[in-house]
Amino acid sequence: MSLSTSPTGFRQRFIAGETLVGTFVKTPTTHSIEILGNLGFDFVVIDEEHAPWDRGTIDAALLAARASGTAGIVRVAEPTPSKILAVLDDGAAGVLVPHVSSVAKAKELAQACRFRGGRRGFSNTTRAGDFGAVGVWPHVDAQDAAVTFVAMIEDPEALDEIDAIVSTEGLDGVFIGRGDLTVALGAPAMDAPEIMSACETIISAAKKAGKPVAMMVANADDAKRFNAMGATTFIVASDQGFLRQAASKAYSEISAVGAKSA
């Protein structure tokens, strides 16, 4: 397993501030993950929060991610230790956790991701422990080094504690949830001044704490803008979005041929 493929390798690259590109996967099947991995995407985010994933389909998806050389991150449906434990045991390279709106929540979730100094439930008879092939303490050390915990900052109240949240021990970085912030603040668009100001506040706090920032971006220009602000990890579209875009283009082009020949 190469450094870029391994869970530990993803965390190292993320913390180091390398430019990483991923996408959400919303269709509960392995095939899109294989395609995306083979194309070279650095990671995929299996979206349990906003798509019909369950424990079984997530398990298969994480195997597909490993097989195709991309890091499998899971956006868990709920910010709870039990959700985190399940996907980490199944071999996730990390978790993207929604609604981390306080220091207390950030600390609880960081502990759920770690054995040493944390409260992650132990089992090495899982994919993460090579189904029992890895001993107790080697498993503990490997997982503590590998697992990436990214907190989603998407609630206005999180901004009041943002310096303390991003400084939480065991928190590797943050993802700015512009969509939820836009709705919560009643802003007209995700690039409205109040949303951009919130992004600047979060990125500034992350910089001071030495933590990387991930963003959802629409295109290369969007990525360049946020990269200039300090973001280094980018999520673009989703498997469904890519399908819709390509299908729409193909339908428009081919249907136009028939219209011209009629």
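Rules of the game
Residues numbered from 1 in each chain as written. Predicted model: local features only at pLDDT ≥ 70, side-chain atom pairs only at ≥ 80, totals over all residues. Heavy atoms only, no water. Pairing = 2+ DSSP bridges. Helix = DSSP H or I, 4+ residues; strand = E, 2+ residues; numbered from the N terminus. Axes fitted to C-alpha atoms, helices over the stretch in contact; angles between N-to-C directions. Contact = heavy atoms within 4.5 Å. Salt bridge = Lys/Arg side-chain N within 4 Å of Asp/Glu carboxyl O. Buried < 20%, exposed > 50% of the residue type's maximum accessible area, 1.4 Å probe, protein only. Core = buried A, V, L, I, M, F, W, Y, C linked by side-chain atoms within 4.5 Å.

What's the story with the sheet that holds strand β8 (residues 233–238) in this structure? I'm lost.
Think of a sheet as strands paired side by side through backbone hydrogen bonds, with each pair either parallel or antiparallel. Read around the closed barrel, the eight strands follow the order β1-β2-β3-β4-β5-β6-β7-β8; overall the barrel is parallel. Each strand axis lies, on average, 25 degrees off the axis of its neighbour in the sheet, ignoring direction. Pairing between strand β3 (residues 71–75) and strand β4 (residues 94–97): three bridges, direction parallel. Bridging from a neighbouring strand, isoleucine 73 pairs with glycine 94 of β4. Sheet strands in contact with helix α2 (residues 31–39) are β1 (20–25) and β2 (43–47), and its direction is about 165 degrees off that of β1.

How should the pattern of salt bridges be read in this particular structure?
Pairing between side chains of opposite charge can happen when their charged atoms approach one another. By the definition in use, this model includes 17 salt bridges. Between aspartate 90 and arginine 55 there is a salt bridge, with the nearest N and O atoms lying 2.7 Å from each other. Here aspartate 90, found in the loop between α4 (81–89) and β4, pairs with arginine 55, found in helix α3 (residues 55–67); they are 35 residues apart in sequence, far enough to count as distant. By relative accessible area, which is 8% here, aspartate 90 ends up buried.

Looking at this structure, how should I read the nonpolar core?
Soluble, globular proteins show a tendency: their nonpolar side chains are buried together. Judged by nonpolar contacts, the single largest core of 58 residues is most densely connected at Ile33, Val95, Phe149, Met215 and Phe226. Ranked by residues supplied to this core, first place goes to helix α10 (residues 193–209) with eight residues. Beyond its immediate sequence surroundings of up to four residues, phenylalanine 226 is in contact with Arg178, Met196, Cys199, Met215, Val217, Ala231 and Phe234. With 15 residues, the next largest nonpolar core counts Phe10, Leu20, Val45 and Ala71 among its residues.

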